[in-house]
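Commentary on secondary and tertiary structure
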Amino acid sequence: MFKPIHYYKPNLEAVIKRFQNMYEAKGPGHVAVYALPSAPPGEPVPPLNQISLDDELETYLDICLRNYELFIDYTRTTLDDLIPTFGPNFGIGEYSAFIAGDVVFTEDTSWAAPVLEDLEDYKNLSLDENNYWVRMMERTFHYLIKQTASSQIPINRGYYSPLDLAYALRGEKLFTDFIDAPELLHAFMNFCAEATIWFAKRIQSIIGFYFGGNIAGAWLKPGTICMSEDTACLISPRLYAEFARPYTQKVIDAFGYGQIHTHSLGIRTIPEIAKLRNLLGIQISDDPNVPRGFEKLDFLLPRSNNVPLTIGCTPNELVDCFTEITSQYNIVFAVNVNNAEEGKEIVEWVRRHSIHG
C-alpha cells in the first residue's frame, strides 16, 4: 500500500534535525514550515453511521490508508517539515467512551453523551481493559502498525486533556462545578488525569517510537503525549491555571513531554497553557467568527514562554511577517496553499530566508 517513507519524505533526516534543533535552541530563528494543500480525490469513504466497526473495521481503515497514500504521494516533492503520519478517524466519541458513554455516529464524526448527572458519580467510574472502545482501539492500532510496518509510515493518536475528558463525561454542568464543588472537581480532574495516563500508555505501547521519537506530523522527543485543550477556550485563564493545568501537567510528567492542540477562540488562555513544563509546542487551530491565531501573534508570542507555536497562515502572510517574527522567536508556520506546486515554492522561500536553513 505504501512505499518506503523516504519516497514520500526524502528530506526526513533534515526535518528531524530541524525539530531537534528547535527544541534545544537557546535563541530565535528556528523555523519549520508545513505546506497544506487540499487532498486529491480518493475512494469514497463509507459514512461512519453506516458501517459496522465490528465487521468492517479493517476494510474501513484500508480505504482511509489508500486515500492518505494519494495525499502524501501528491505532496512528496514539496519537501516541507510535515512528516507523513496516519491517525484513524472515528470522530471524538471514543476519546471518552473508553471509560463510559455511548458513541453517537454521524456521517463523518461522532461524540459521546455525558454520563455524570451528579459529579459524585465519577466515583463509580472505572478503567476496564475489556471496555468495548479500549478493545476496539487496541485492535485498530495493532492493525495499522501491521499495515504500515514495511514503509515506516508513523501512526499516531492524540488524547483528550483531563479538562477535555472531564467536559466530555460531565457536560456543561462542569462549568458550574468550578464554583459549586471545587474540591470534588479537583478529585474528578485527578481521576481524568489518571484515566488519560492509563489509556495512553496502553495505546502508546502499541505505537512505539519512530526515528528515535514520537511523530505527530512534527518529530517529537521520545515520550511525548499529544493532547487537546479545547475546553480551555471556554474558561478563564485563572480557572485553567487552578483546575486544569496541574492535571495536564500530571499527564505530561507521566510520559516526559507534551504537545498541545487548542483553538483561536481561547487566545486569552494560551499563555497559561504555555506555562506547562516540558511542553514542545502548541498548535492553534482557527475558529470562525473570532480572530485567527495569526492575527493575535503580537499578543501570543511574547507570552508563549518560548514554546514554539504552530500557526496557520497564507503564503503572503508568512512572507510579510517572516523577518520580524523569526528575529525574536521560534515558530512553525502551517501554510494553506492552493496546490503542491505553490507549497513547494513557499517552502523553498523559507529555506532561502531562514538563518538556520
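Data block above holds the structure.
This report concerns the structure included in the present document. (Residues numbered from 1 in each chain as written. Predicted model: local features only at pLDDT ≥ 70, side-chain atom pairs only at ≥ 80, totals over all residues. Heavy atoms only, no water.)

Scanning the chain for helices and strands turns up 13 helices and 11 strands. Relative to its length of 357 residues, the chain is compact, with a C-alpha radius of gyration of 20 Å against a globular reference of 21 Å. The dimensions of the chain, computed from C-alpha atoms along their principal axes, are 60 × 45 × 35 Å. By sequence separation, contacts in the chain at least 24 residues apart represent 73% of the contacts at least 6 residues apart. Summing over all exposed atoms, the chain offers an accessible surface of approximately 15,500 Å²; the carbon and sulfur share of this is 50%. (Helix = DSSP H or I, 4+ residues; strand = E, 2+ residues; numbered from the N terminus. Rg over C-alpha atoms; globule rule 2.2 N^0.38 Å. Contact = heavy atoms within 4.5 Å. Areas by Shrake-Rupley, 256 points an atom, 1.4 Å probe, with all protein chains shown as cover.)

Attention now goes to helix H6 (residues 162–170). Here H6 lies mainly inside the structure; eight of its nine residues are buried. Pro162, Leu163, Asp164, Leu165, Ala166, Ala168, Leu169 and Arg170 are the residues of H6 that are buried. Gly171 occupies a position one or two residues after H6 and carries a positive phi of about 80 degrees. (Buried < 20%, exposed > 50% of the residue type's maximum accessible area, 1.4 Å probe, protein only.)

For the rest of this paragraph, the subject is the sheet that holds strand E1 (residues 31–36). With parallel pairing, the seven strands of this open sheet are ordered in space as E1-E11-E10-E9-E8-E7-E4. Each having just a single partner strand, E1 and strand E4 (159–160) make up the two edges of the open sheet. Of the pairings in the sheet, the one linking strand E8 (residues 257–263) to strand E9 (residues 279–285) comprises six bridges and is parallel in character. Of the residues in E9, the one forming a bridge with Gly258 is Leu279. Sitting on the sheet, helix H2 (residues 12–24) touches E1, E9 and strand E11 (331–336), and the angle it makes with E1 is about 135 degrees. Packing of helix H12 (residues 315–326) onto the sheet brings it into contact with E1, strand E10 (309–313) and E11, and relative to E11 it is tilted by some 170 degrees. (Pairing = 2+ DSSP bridges. Axes fitted to C-alpha atoms, helices over the stretch in contact; angles between N-to-C directions.)

For the rest of this paragraph, the subject is the packing of helix H5 (residues 132–148) against helix H8 (residues 182–207). The description of two packed helices rests on the angle between their axes and on the distance between the axes. The contact between H5 and H8 brings their axes to 9 Å, and the two run at 20 degrees. With respect to H8, the axis of H5 lies roughly parallel. In the packing of H5 onto H8, the handedness of the crossing is right-handed. Each of Val134, Met137, Glu138, Phe141, His142 and Ile145 in H5 lies in contact with H8, whose residues at this interface are Trp198, Phe199, Arg202, Ile203, Ile206 and Ile207. Looking at the contact of H5 with H8, its residues break down into nine nonpolar, one polar and two charged. (Parallel < 35°, antiparallel > 145°, perpendicular 65-115°, else oblique. Left-handed = near helix turned anticlockwise from the far one by under 90°. Nonpolar A, V, L, I, M, F, W, Y, C, P; charged D, E, K, R; others polar.)

Okay, unusual backbone geometry next. Here the phi dihedral of Asn305 falls at roughly 60 degrees; this positive angle occurs in a residue that is not glycine. Inspection of the secondary structure assignment puts Asn305 in the loop between helix H11 (297–300) and E10. Look at Asn306: it is not a glycine, yet its phi comes out positive at around 65 degrees.

Everything listed here is a matter of coordinates, which is why it stays silent on function.
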